[in-house]
Amino acid sequence: MKTNIVTYAPNAPIWQAYRNDFSILDRDVNNKPLAYLDNAASSQKPNKVIKAIVDYYEQMNANVHRGVHTLSQLSTDAFEEARKTVQFFINASSEREIVFTKGTTNAINLVAYSFGRTEIHPGDEVLISALEHHSNIVPWQMICQDKGAKLKVLPINEQGELCLDQLPSLINKKTRIVAISHVSNSLGTINPIRQIIDMAHQQDIPVLIDGAQAVPHLSVDVQALDCDFYCFSGHKMLAPTGIGVLYGKDKWLNKLTPFEGGGEMIKSVGFEHTTYNDIPFKFEAGTPHIEGVLGLAKAIEYMLDIGLKSIKAREMYLYQLAYERLAAIPGFKMIGTAKEKAPVLSFLIDNLHPYDIGVLLDKQGVAVRTGHHCTQPVMHFFNIPGTIRASFSFYNNEDDILQLDAALQKAIKLLS
Amino acid sequence: MGKCINDIQDEIIEEFELFEDWMDKYEHIVEMGKKLPVIDPAMKTEDRLIDGCQSQVWLAAHLSDGKVFYTADSDAIITRGMVSLLIRVFSGHTPDEIANAELYMVDRIGLTSHLSPTRSNGLLSMIKRMKTYAKAHLT
Ligand SMILES: Cc1ncc(COP(=O)(O)O)c(C=O)c1O
């Protein structure tokens, strides 16, 4: 990592230039400069993405896949071109494997429902992990309940890593699907999904990956991973809210029945019988979130222009810097000490309540997330009420980290 | 005859006017949180719990000589400070006074952001529960 420090130094003009693309970072919060360190909850959006949305409404707004008129064709072309962009971004083998959804939650629900309806039966099992976000727990719980199936959980260790050695004993003939996060949102652990996918595939069990926290930081290749489904949200990777992606292998998308019915997803409708459209359209009922899709494509182009490798190096540099500074604070305790980590720093200070720290950081312009981060089982495992989580993006800089450090010390002093 | 609810609110507003900076305000709240008497752990029962998303509050109330007295605790100190403010305002008044009180103080000392329903400290539920107890004991 150290070798990158010069190239990715925070004050290198190139990074300042990228930071300038995010106007919101110039604003004050509670009369203090904003240090936005809640990127794992949602990222900020570069001006180019905001402009793509405005341009869409000012220049080509029309429904897609419907009209022969010029605007409709323009918007349809842009929409389908965006699908191509997403395909290249995660290296899917065809754009037909890219389904636009409202987000990760929606994508997981789609699979849980559509897959569950035909593939899960009484007595079957679904395997998740103890690290999952609630949105990769509850949809499976719901379908298991409906189907009389059982939810199994791969445990974690004290470092917040999956106990991979227990996987063989948890996968068996009854397992229908494995659903695991690529990167943990509360601890930042990068899970060995390649190995998990291999092990599941040895028994012909499909694997869904919740990639919500991975796509902003890592380069993802769904073909190399060989996962069956991969889900992510736009809003965590510089794109607008309300747009996300479900990647599904062609064979699965063809096999599964639709999640929702309506316009767009049909070929022909009669009162006796309806035939469904081809993939991916069969999973995209109703008018889609067009400007969201265009914003997502712009966000991807923006990230690719910077370079995913550069982004990763820059973010791990910032993470390391923050870790070094905060670790020097008496009482600092990092929660989640996995070997492989994304730029997410979850911690506690002695017995101070994360909520108290969060409020006092906010008053000093520092935005972090506090609480259970929608992963209550993880908090139960560590027997803590929650954590303080600082999560980094390439557009953060050294000043943000210094501000966090100073604000945290002030909060601690006030609370102790 | 003790002070009436609005006198106490005005007193608190005046106290907070001394602070220019947010951090000073919160320092004051934290101090009050530290001073709030610790309650018997046996009182921290499920039925007294108000579950905010991030911090928990336990609230107990009893009637004595026609007046309501509240005690409370929280695992977060800022929340304890907020509760202590509320207790200072409401405790020792009649159910009627409490039920009819208009709580303008929170807004005036600039803590309204803590009152929105999505806010995670359960302050709003706390006020509601304090009032509900009073309403249930109206004479
Ligand atoms: C790991 C993980 N999975 C799923 C989600 C849910 O994403 P969304 O709310 O965008 O649907 C999140 C977002 O917090 C997440 O971090």
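This is a predicted model, so every value here is computed, not measured.

Undergrad: Any chance you could explain empty space enclosed by the protein here in plain terms?
TA: Picture a little ball the size of a water molecule; that probe, rolled over the atoms, points out where space is still empty. All names here are of chain A. Tallying each qualifying case throughout the model produces 2 cavities of 30 Å³ or more. The calculated volume of the largest cavity comes to roughly 90 Å³. Looking at the largest cavity, it is lined by 13 residues, and the ones nearest its centre are Ser 43, Pro 216, Lys 236, Glu 315 and Ser 393. Its residues assigned to classes, the lining of the largest cavity comprises 7 nonpolar, 4 polar and 2 charged. Both domains that furnish three or more residues to the lining of the largest cavity are identified here as domain 1 (13–30 + 307–415) and domain 2 (50–304).

Undergrad: Explain the nonpolar core here, please?
TA: Judged by nonpolar contacts, the single largest core of 77 residues is most densely connected at Phe89(A), Ile90(A), Phe100(A), Tyr230(A), Phe232(A), Leu296(A) and Phe394(A). It is helix α10 (residues 290–306) of chain A that contributes the most residues to this core, 10 residues altogether. The residues that make up this core include at least three from each of domain 1 (13–30 + 307–415) and domain 2 (50–304) of chain A. Sequence-distant contacts of Ile90(A), that is, excluding residues within four places in its chain, are made with Ile98(A), Val220(A), Asp221(A), Val222(A), Phe232(A) and Tyr247(A). Ranked by size, the runner-up nonpolar core spans 72 residues in total, among them Ala35(A), Val359(A), Leu404(A) and Ala76(B).

Undergrad: Looking at this structure, how should I read the packing of aromatic side chains?
TA: In the structure shown here, the tally under the stated rule is 21 aromatic pairs over all chains. Judged by centre distance (6.0 Å) and plane angle (80°), the rings of Phe22(A) and Tyr302(A) are edge-to-face. Highlighted residues: Phe22(A) in the loop between α1 (13–19) and β1 (28–29) and Tyr302(A) in helix α10, separated in sequence by 280 residues. Here the two residues Phe22(A) and Tyr302(A) agree in accessibility, since each one is buried. Taking 5.9 Å as the distance between ring centres and 35° as the angle between the ring planes, the aromatic pair formed by Trp22(B) and Tyr26(B) counts as tilted. Taken together, the residues Trp22(B) and Tyr26(B), both in helix α2 (residues 22–35) and 4 residues apart, mark about one turn of the helix. With a relative accessible area of 22%, Trp22(B) lands in the partly exposed category. Overall, Tyr26(B) belongs to the buried group, its relative accessible area being 0%.

Undergrad: What's the story with the packing of α2(B) against helix α3 (residues 77–90) of chain B in this structure? I'm lost.
TA: In a packed pair of helices, the relevant descriptors are the angle between the two axes and the axis-to-axis distance. All names here are of chain B. Interaxial distance between α2 and α3 falls to 7 Å at its minimum, and their mutual angle equals 80°. Judged on the interaxial angle alone, α3 and α2 are roughly perpendicular. In this structure, α2 uses Tyr 26, Ile 29, Val 30, Met 32, Gly 33 and Lys 34 to contact α3, whose residues at the interface are Ile 77, Ile 78, Arg 80, Gly 81, Met 82, Ser 84, Leu 85 and Arg 88. Residues of the contact of α2 with α3, tallied by class, amount to 8 nonpolar, 3 polar and 3 charged.

Undergrad: So what exactly am I meant to see when it comes to the interface of chain A and chain B here?
TA: By a frequent convention, interface size equals the accessible area lost on bringing the separate parts together. Each partner contributes residues to the interface: chain A has 16 residues there, and chain B has 19 residues. Surface buried jointly by chain A and chain B totals about 1,600 Å² across both partners, of which 61% is contributed by carbon and sulfur atoms. By the criterion of area lost to chain B, the three top residues of chain A are Tyr355(A), Lys363(A) and Leu414(A), representing 41% of everything that side buries. If you look at where chain A meets chain B, you find 0 salt bridges.

Undergrad: How should I be thinking about a negative patch on the surface in this particular structure?
TA: Residues and elements named next belong to chain B. Together, Asp 7, Asp 10, Glu 14 and Glu 17 make up a negatively charged patch on the protein surface. Tracing the sequence through the fold places Glu 14 in helix α1 (residues 5–17). Its relative accessible area of 55% is what places Glu 14 among the exposed residues.

Undergrad: I tried to follow the sheet that holds strand β2 (residues 56–64) of chain B on my own but got confused; where do I start?
TA: Note: strands within a sheet are paired through backbone hydrogen bonds, in either parallel or antiparallel orientation. All names here are of chain B. With respect to topology, 3 strands assemble into an open sheet ordered β1-β2-β3, the strand pairing being antiparallel. Among the strands making up the open sheet, the edge pair consists of β1 (49–51) and β3 (67–74). Recorded for the sheet is a direction-independent mean angle of 25° between the axes of neighbouring strands. Note: β2 against β3, 8 bridges, orientation antiparallel.

Undergrad: Is there a simple way to explain the packing of α10(A) against helix α11 (residues 308–327) of chain A in this structure?
TA: All names here are of chain A. The contact between α10 and α11 brings their axes to 5 Å, and the two run at 75°. On the basis of the axis angle, α10 is roughly perpendicular to α11. Each of Met 303, Leu 304 and Ile 306 in α10 lies in contact with α11, whose residues at this interface are Leu 308, Ser 310 and Ile 311. Its residues assigned to classes, the contact of α10 with α11 comprises 5 nonpolar, 1 polar and no charged.

Undergrad: It is not clear to me how the pairing of strand β4 (residues 98–101) of chain A should be interpreted in this structure. Could you clarify?
TA: Along any regular strand the residues' side chains alternate between the sheet's two faces. Residue and element names in this part refer to chain A. Covered by surrounding structure in β4 are Ile 98 and Phe 100 together with Val 99 and Thr 101, the residues of both alternating faces. Pairing between β4 and strand β10 (residues 244–248): 4 bridges, direction antiparallel. By the bridge assignment for β10, Ile 98 is matched with Tyr 247.

Undergrad: I'm lost on the sheet that holds strand β8 (residues 207–210) of chain A in this one. Help?
TA: All names here are of chain A. As summarised here, the arrangement of the 7 strands in space is β4-β10-β9-β8-β7-β5-β6, forming an open sheet in which the pairing is mixed. Single-partner strands in this sheet number two, and they are β4 and β6 (150–154). Across this sheet, the average inter-strand angle for adjacent strands is 20°, counted without regard to direction. Of the pairings in the sheet, the one linking β8 to strand β9 (residues 229–233) comprises 3 bridges and is parallel in character. The partner of Asp 210 across the bridge, within β9, is Cys 231. Packing against the sheet, helix α3 (residues 70–89) makes contact with β4, β9 and β10, and its axis sits at approximately 115° to β4. Relative to β9, helix α4 (residues 104–119) is tilted by about 150°, and along the sheet it contacts β4, β7 (175–181), β8, β9 and β10.

Calculation criteria
Residues numbered from 1 in each chain as written. Chains lettered and ligands numbered in written order. Predicted model: local features only at pLDDT ≥ 70, side-chain atom pairs only at ≥ 80, totals over all residues. Heavy atoms only, no water. 1 Å grid on protein atoms, 1.4 Å probe; cavity = no way out; pocket = protein on both sides within 12 Å on 5 of 7 lines; lining within 4 Å. Points joined across faces, edges and corners; volume = space filled by probe spheres on them. Nonpolar A, V, L, I, M, F, W, Y, C, P; charged D, E, K, R; others polar. Domains from an automatic or database assignment. Core = buried A, V, L, I, M, F, W, Y, C linked by side-chain atoms within 4.5 Å. Buried < 20%, exposed > 50% of the residue type's maximum accessible area, 1.4 Å probe, protein only. Helix = DSSP H or I, 4+ residues; strand = E, 2+ residues; numbered from the N terminus. Contact = heavy atoms within 4.5 Å. Phe/Tyr/Trp six-rings, centres within 6.5 Å; stacked < 30°, edge-to-face > 60°. Axes fitted to C-alpha atoms, helices over the stretch in contact; angles between N-to-C directions. Parallel < 35°, antiparallel > 145°, perpendicular 65-115°, else oblique. Buried area = accessible area lost by both parts, 1.4 Å probe. Salt bridge = Lys/Arg side-chain N within 4 Å of Asp/Glu carboxyl O. Patch = residues over 30% accessible without salt bridge, like charges linked within 9 Å, V, L, I, M, F, W, Y side chains within 5 Å. Areas by Shrake-Rupley, 256 points an atom, 1.4 Å probe, with all protein chains shown as cover. Lys, Arg positive; Asp, Glu negative; His and termini not counted. Charge placed at Lys NZ, Arg CZ, Asp CG, Glu CD. Pairing = 2+ DSSP bridges.

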